[in-house]
Amino acid sequence: MEKNRSILLIYTGGTIGMVNDPVSGALVPIDFRHVSAQVPELRRFGFNIESMTFDPVIDSSDVSPDTWCSIANTIKGNYARYEGFVVLHGTDTMSYSASALSFMLQGLEKPVIFTGSQLPIGVLRTDGKENLLTAIEIAAALEDGLPVVPEVCIFFENRLFRGNRTVKYSAEHFNAFVSPNLPPLAEAGLQIRYNRSIIRYPTIRRPLEVYCNIETAVAVLRLFPGIGRATVHALLAQAGLKGIILETYGTGNAPMSGWFLEELRSFISGGGIVLNVTQCQAGSVEMGLYETSAGLISAGVISGRDLTTEAAVTKMMVLLGRGLPESKVSNLLSRSLCGEMS
Ligand code: ASP
């Protein structure tokens, strides 16, 4: 056994560790001991696997910035002792958490692999075992003594994705996640094939830094034909609101009505930040391509290019939480910080 190589499993909750409550019949989270009892194969890995369980374990609908901080601080506190980390997490908000962690853990040089499952691990047809075992293998993979994937990722079904590129796409299928604008970092078949040309490797060595101050005064405004001024105004006039993610049509287009641009202008001139992402499942915002987005540029809206909403929200929350001047936040929002946009 390679006693020198150790992986830490961080069990936060979610279906992977759930059982049917004998009384209500509903799925309820249980202690991680259930997971390890269900996967005796864990003992066959040739390295140390240790685990810690959140108290209480939670359904991922209850995940909050405090949960992200607990995950980040657990990684920071154990960074020197482990070669990689596997975070077991509910699928519902996994893309938000993986995105948030990618922005919170700056200078990361080790794998942080999120996984979970669509069926509880105790169920005969569970997808949880495969997901867990392969996630561990990826978290432990070394080449020339260095981690093969030193990024925050999601492994699900048979693909490894950069976490901040993912979206939960299916509430039913085993391949629950997609990464619409970036190919998988690895595919697991008979072998695990890594796509090294797109995996990000650190260029400078610096200590791991954790940004745990998360600004929650942000909102998402999804446009729809017929959206009224009162709705837009009620959102933007909210006291203390620092920024919004504007989900626009196609390549970043929005209504040309004077009132709409006026509402945006007044929010931006009061110090608010507006980040434009597309409602489309794939592709990128290209402001200025159509007249319907030219007005957004002059109002001071920032292009989120091909950011997912999940990455846009969490990137804005983390950057605003860092207490940087607004111009710096805007500048960082329009640049890729950890591979989140093309
Ligand atoms: N509701 C569960 C959760 O996100 C679903 C899952 O684990 O897949 O925690």
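Just so you know, the residues in each chain are numbered from 1, in the order the chain's sequence is written. Given that this is a predicted model, residues contribute local features only at a pLDDT of at least 70 and side-chain atom pairs are listed and counted only at 80 or more, while totals for whole chains, interfaces and linings are drawn from all residues. No hydrogens and no water enter the side-chain calculation; it runs on all heavy atoms of the structure.

1. Section: the sheet that holds strand 17 (residues 218-222)
- Spatially, the four strands line up as an open sheet ordered 17-18-19-20, and their pairing is parallel. Looking along the sheet, the strands with just one partner apiece sit at the ends: strand 17 and strand 20 (302-303).
- DSSP bridges decide pairing: two strands pair if at least two such bridges lie between them. Strands are runs of DSSP state E lasting at least 2 residues, helices are runs of H or I lasting at least 4, and numbering of each runs from the N terminus. Pairing analysis gives five bridges linking strand 17 to strand 18 (residues 243-248), with the strands arranged parallel. Counterpart to Val 218 in the pairing with strand 18 is Gly 243.
- Residues count as neighbours in contact if any of their non-hydrogen atoms are within 4.5 Å of one another. Axes, fitted as lines to C-alpha atoms, cover a helix only where it is in contact. Angles between the N-to-C directions of the axes lie from 0 to 180 degrees. Sitting on the sheet, helix 5 (residues 229-236) touches strand 17 and strand 18, and the angle it makes with strand 17 is about 165°.
- The sheet strands contacting helix 8 (residues 309-321) are strand 17, strand 18 and strand 19 (273-278), and the helix crosses strand 18 at an angle near 165°.

2. A few points about the pairing of strand 11 (residues 159-162)
- Where strand 10 (residues 152-156) and strand 11 come together, four bridges link them in antiparallel fashion. Note on strand 11: the bridge partner recorded for Phe 156 is Arg 159.
- From the end of strand 10 to the start of strand 11, which pair antiparallel, there are two residues, and Glu 157 there has a positive phi angle of about 60°.
- Pairing between strand 11 and strand 14 (residues 186-188): two bridges, direction antiparallel. Paired with Arg 159 across the bridge in strand 14 is Glu 187.

3. Concerning the site of the ligand
- Consider each residue's heavy atoms; a residue with any of them within 4 Å of a molecule or strand counts as near. Around the ligand, the structure places Gly 14, Thr 15, Asp 59, Ser 60, Gly 90, Thr 91, Asp 92 and Ser 117.
- Polar contacts, as used here, are pairs of N or O atoms within 3.5 Å; protein pairs need one atom able to donate a hydrogen and one able to accept it. Residues neighboring in sequence count only if both atoms are side-chain atoms. Ser 60 has a polar side-chain atom sitting 2.5 Å from an oxygen atom of the ligand.
- Thr 91 has a polar side-chain atom sitting 2.3 Å from an oxygen atom of the ligand.

4. A word on the side chain of Ser 99
- Its location among the elements puts Ser 99 in helix 3 (residues 94-104).
- At a separation of 2.7 Å, a polar atom in the side chain of Ser 99 contacts the main-chain carbonyl oxygen of Ser 95.
- If we skip the residues at most four places from it in the chain, Ser 99 touches Gly 163, Asn 164, Glu 310, Ala 311 and Thr 314.

5. Observations concerning the side chain of Glu 310
- When you line up the elements, Glu 310 lands in helix 8.
- Although Glu 310 lies buried, it forms no salt bridge, and the closest oppositely charged side chain, Arg 222, sits 9.3 Å away as judged by the N-O distance.
- Excluding anything up to four places from it in sequence, Glu 310 contacts Ser 95, Tyr 96, Ser 99, Thr 166, Val 167 and Lys 168. To sort residues, take the accessible area from a 1.4 Å probe on protein chains only and compare it with the maximum for the residue type: under 20% means buried, over 50% means exposed, and anything in between is partly exposed. We count Lys and Arg on the positive side and Asp and Glu on the negative side, and we leave His and both chain ends out. Note on definitions: salt bridges are taken to be side-chain nitrogens of Lys or Arg within 4 Å of carboxyl oxygens of Asp or Glu.

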